[in-house]
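# Structure at a glance
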Amino acid sequence: MGTRYGDGVALLVIDLQNDFATVGGSLYVTGGEEIIAGVNQEIAAAADAGSPVFYSQDWHPPATPHFVTDGGVWPPHCIRDTPGADFHPGVVIAGEVIRKGVDGADGYSAFSVRDPRSGERSATVLGQRLAAGAVTSVVVVGLAGDYCVLETALDAREQGLEVTVPLALTRFVERVSGDRERAVARMIEAGVRVPA
Ligand code: VGL
């Protein structure tokens, strides 16, 4: 596994937070907790090879049009400064945390957020950080494969990065049956590598 990392490669750990990764979390992604040991191995492999690790963290205000309670689709989740927004206690944190969704935006991609009303997109600091570190290739792991991992991987491709999403290191929401297959197909179409 260490072979994935080295100069020019970064590991992006997406939203491994209690609300997604803990049984009983408000937007629990089935099996989310199963990937944690493997993700920690990736973090160790990246660190050993000198590759930076970035962590995205969904960080919503209590009311946001992202939530069903305010006209959106999702149950309230990852509300800032609550235990649901904390990283799953099993995840080793060994890098910079990038928060998204902070001002009521939809925060799917770790690279950009989107105002759910105006549709306007704005960048997080991740793109700058990767450019500053001369990163040309990213490995994306975490939750969920059909939302934040997908959008992060597609944004990374748009920025011209090589992208790998090891499928064993993500899980899918599957709001609609078939979303997993559709998400994987979109990744492949965009040139994302999706090893098992
Ligand atoms: C996510 C749905 C809503 C995710 C975040 O982390 O994939 N999914 N907000």
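Our subject in this report is the structure included herewith.

Conventions used here
- Residues numbered from 1 in each chain as written.
- Predicted model: local features only at pLDDT ≥ 70, side-chain atom pairs only at ≥ 80, totals over all residues.
- Heavy atoms only, no water.
- Helix = DSSP H or I, 4+ residues; strand = E, 2+ residues; numbered from the N terminus.
- Buried < 20%, exposed > 50% of the residue type's maximum accessible area, 1.4 Å probe, protein only.
- Contact = heavy atoms within 4.5 Å.
- Axes fitted to C-alpha atoms, helices over the stretch in contact; angles between N-to-C directions.
- Parallel < 35°, antiparallel > 145°, perpendicular 65-115°, else oblique.
- Nonpolar A, V, L, I, M, F, W, Y, C, P; charged D, E, K, R; others polar.
- Near = heavy atom within 4 Å.
- Polar contact = N/O pair within 3.5 Å; in protein donor to acceptor, adjacent residues only side chain to side chain.
- Areas by Shrake-Rupley, 256 points an atom, 1.4 Å probe, with all protein chains shown as cover.
- Arc of directions from axis to C-beta.
- Core = buried A, V, L, I, M, F, W, Y, C linked by side-chain atoms within 4.5 Å.
- Phe/Tyr/Trp six-rings, centres within 6.5 Å; stacked < 30°, edge-to-face > 60°.

To continue, consider the environment of Pro166. When you line up the elements, Pro166 lands in the loop between strand 7 (162–164) and strand 8 (170–171). Classification of Pro166 as buried rests on a relative accessible area of 3%. The spacing of Pro166 and Gly142 is 24 residues in sequence and 9.7 Å in space, taken between C-alpha atoms. Setting aside chain neighbours within four positions, we find Pro166 in contact with Arg4, Val139, Val140, Val141 and Pro195.

Right, let's talk about the packing of helix 4 (residues 148–158) against helix 5 (residues 179–189) for a bit. Running from amino to carboxyl end, helix 4 crosses helix 5 at an angle of 10°, the nearest separation of the two axes being 10 Å. Between helix 4 and helix 5, the interaxial angle falls into the category roughly parallel. Between helix 4 and helix 5, the residues in contact are Leu150, Glu151, Ala153 and Leu154 and Ala183, Arg186 and Met187, respectively. Of the residues that constitute the contact of helix 4 with helix 5, the class distribution is 5 nonpolar, no polar and 2 charged.

This paragraph deals with the site of the ligand. Surveying the vicinity of the ligand reveals the residues Asp15, Phe20, Leu27, Asp58, His66, Trp74, His77, Tyr108, Leu143, Ala144, Tyr147 and Cys148. Within the side chain of His77, an N or O atom sits 3.3 Å from a nitrogen atom of the ligand. Ala144 has a polar backbone atom sitting 2.8 Å from an oxygen atom of the ligand. Contact with the protein chains covers 99% of the free accessible surface of the ligand, which is 260 Å². Residue composition of the shell around the ligand, by class: 8 nonpolar, 2 polar and 2 charged.

Now for the environment of Ser56. Structurally, Ser56 is set in strand 2 (residues 53–58). Sequence-distant contacts of Ser56, that is, excluding residues within four places in its chain, are made with Val13, Ile14, Asp15, Gln17, Phe87, Ile98, Lys100 and Ala110. In terms of polar contacts, Ser56 uses its side chain to reach the side chain of Asp15, at 2.7 Å.

Listed in full, the buried residues belonging to helix 5 are Asp179, Ala183, Val184 and Met187. The buried residues of helix 5 occupy an angular sector of 130° when projected down its axis, which confines them to one face. The exposed residues of helix 5 that point more than 90 degrees off its buried face are Glu181 and Glu189. Of the residues trailing helix 5, Gly191 is marked for its positive phi of about 90°.

Residue position: Glu42 is located in helix 2 (residues 36–48). Reaching out from Glu42, the side chain makes a polar contact with the side chain of Arg4 at a distance of 3.1 Å. Within the structure, Glu42 has its side chain in polar contact with the side chain of Tyr5 (distance 2.3 Å).

Further remarks concern the nonpolar core. It is characteristic of soluble globular proteins that their nonpolar side chains tend to be buried jointly. Formed by 29 residues in total, the largest nonpolar core has its most connected members in Leu11, Val13, Leu16, Val39, Ile43 and Leu143. The set of elements that each furnish at least two residues to this core consists of strand 1 (9–14), helix 1 (18–21), helix 2, strand 2 and strand 6 (137–143). For this core, the element with the highest residue contribution is helix 2, accounting for 5 residues. With sequence-adjacent residues up to four places away left out, Val13 is seen in contact with Val39, Ile43, Val53, Phe54, Tyr55, Ser56 and Val141.

Our next topic: the packing of aromatic side chains. Under the counting rule described, the total for this entry stands at 3 aromatic pairs. Arranged with centres 4.8 Å apart and planes meeting at 85°, the rings of Trp74 and Tyr147 form a pair that is edge-to-face. Of this pair, Trp74 sits in the loop between strand 2 and strand 3 (96–100) while Tyr147 sits in the loop between strand 6 and helix 4, and the two are 73 residues apart along the sequence. Between Tyr108 and Tyr147, the ring centres sit 6.0 Å apart and the planes meet at 35°, which makes this aromatic pair tilted. Here Tyr147 lies in the loop between strand 6 and helix 4 and Tyr108 lies in the loop between strand 3 and strand 4 (112–114), a separation of 39 residues in the sequence. On the basis of relative accessible area, Tyr147 is assigned to the buried category, the value being 19%.

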